[in-house]
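A closer look at the structure
Here is what each chain is made of, one letter per residue.
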Amino acid sequence: MECSSSLPKRPLLLSLAFSLLLVLIPSAEAAAPAAPAVLTYHNGPLLTGNVNLALVWYGQFGRTQKIVIRHFLKSLNSYGNANLEPRVSGWWRTVESYAAAAGGGHGRSPGIKVKVVRQVSDTGYSVGKIITADFIPQLVQKASGGNPNVVVAIFTDRMVSVQGLCMGKCSLHGAVGNGPKKQPYIVVMNPETECPGACAWPFHKADDGPNGPVFQPPNGNVGADSMVIALASGLAEAVTNPFNTGFFQGEISEPIEAATACSGIFGSGATAGYTGKVRIDPKSGGAFNAHGVNGKKFLLPAVWSPKTKSCWTTM
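Keep in mind it's a predicted model, so treat the numbers as computed, not measured.

Rules used in this analysis
- Residues numbered from 1 in each chain as written.
- Predicted model: local features only at pLDDT ≥ 70, side-chain atom pairs only at ≥ 80, totals over all residues.
- Heavy atoms only, no water.
- Helix = DSSP H or I, 4+ residues; strand = E, 2+ residues; numbered from the N terminus.
- Buried < 20%, exposed > 50% of the residue type's maximum accessible area, 1.4 Å probe, protein only.
- Areas by Shrake-Rupley, 256 points an atom, 1.4 Å probe, with all protein chains shown as cover.
- Pairing = 2+ DSSP bridges.
- Axes fitted to C-alpha atoms, helices over the stretch in contact; angles between N-to-C directions.
- Arc of directions from axis to C-beta.
- Contact = heavy atoms within 4.5 Å.
- Salt bridge = Lys/Arg side-chain N within 4 Å of Asp/Glu carboxyl O.

**Concerning the overall build of the protein chain**
Broken down by element type, the protein chain carries seven helices and 16 strands. The buried share of the protein chain, reckoned over its 315 residues, is 50%. Summed over its atoms, the accessible surface of the protein chain is roughly 14700 Å², and 53% of this surface lies on carbon and sulfur atoms.

Listed below in structure tokens is the structure:
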């Protein structure tokens, strides 16, 4: 981590294209999303270069959930089949563009290579099933093994409550330590039990606001696919505002950041309660907007673009 054959006939192609693309027209009463905040750079370091991740699986996680999350992370820097668009790596390039914006918008943004270098499991809930801020340093130490040069990602299972989540946030990030030894971390919860209406939408009916369509998760697992959305948001914000001196608007205690500036938007034409344009996999029925490695598909949130100063989506 650093700071600073052959082609089928055209009718079949057209048929497939229409089966993949789902464009829903919201009702006339649907409220348009508020204009996104304009994020300001506060002259602090961003995460660039190599971002090495140490993961802790806190509680009980199935194999499917771990695979989905790890495949998402591998997809960030995968530029495989160019015929599969849009891609997760394209989404990640918008996050990478913040480095150039921090330098005044000059030059090409350096790539950010994300790699999982360590994983640990805590199936016994070592600090209990209610995680407050006081317990975060213990879990960071457990995940990192004392290595200060990793970003820690804490995943909690559906039986765990995390202070600060579910109430308008589905992931959080911060840093432990002092001075130059501060270590960034991200916390992502499985919302299936605690707050599916807040943090599993659009794979679960939303608690509040207009009732838009509820979609099938692209990988067939509500918990895993909801956690991918939260992880994508948390990782984008940890990279662009790791120490609350990067890109944000508002108060340091409640900053509006790269993903929260575009909350609830997944595609163009989004309105309150409506994701915007997404695709539907004709085989699984799952909604997605980005291709990943090994045939995986993901639904990723919009992020604020420092180039256009607006919310950017893959579709």
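**Quick look at the pairing of strand β3 (residues 49–58)**
Sheet faces and side chains relate simply in a regular strand, where the side chains alternate between the two faces. Extensive coverage of β3 is indicated by the burial of eight of its 10 residues. Strand direction decides the pairing type here: β3 and strand β6 (residues 151–156), joined by six bridges, are parallel. Directly across from alanine 54, in β6, lies its bridge partner valine 152.

**Overview of the sheet that holds strand β8 (residues 171–176)**
Judged by pairing direction, the sheet is mixed, and its five strands sit side by side in the order β4-β3-β6-β9-β8 without closing on themselves. Pairing within the sheet leaves two strands with one partner each, and these edge strands are β4 (112–122) and β8. Taken pair by pair, the neighbouring strands of this sheet meet at an average axis angle of 25°, ignoring direction. By the bridge criterion, six bridges tie β8 to strand β9 (residues 183–189) in an arrangement that is antiparallel. Within β9, the position partnered with valine 176 by the bridge is glutamine 183.

**Quick look at helix α5 (residues 136–144)**
Where α5 is concerned, the buried positions are Ile136, Leu139, Val140, Ala143 and Ser144. On an axial view of α5, the arc spanned by its buried residues comes to 125°, and they lie on one face. Looking at the buried positions of α5, the neighbouring elements they touch are β3, β4, β5 (130–131), β6, β8 and β9. Positive phi appears at glycine 145, one or two residues downstream of α5, with a value of about 65°.

**A look at the pattern of salt bridges**
As enumerated under the stated definition, the model contains four salt bridges in all. Among the ionic pairs, arginine 158 bridges to glutamate 192, the shortest N-O distance being 3.7 Å. Of this pair, arginine 158 sits in the loop between β6 and β7 (161–162) while glutamate 192 sits in the loop between β9 and α6 (196–199), and the two are 34 residues apart along the sequence. Overall, glutamate 192 belongs to the partly exposed group, its relative accessible area being 24%. Across the pair aspartate 281 and lysine 297 runs a salt bridge whose closest N-O atoms are separated by 3.1 Å.

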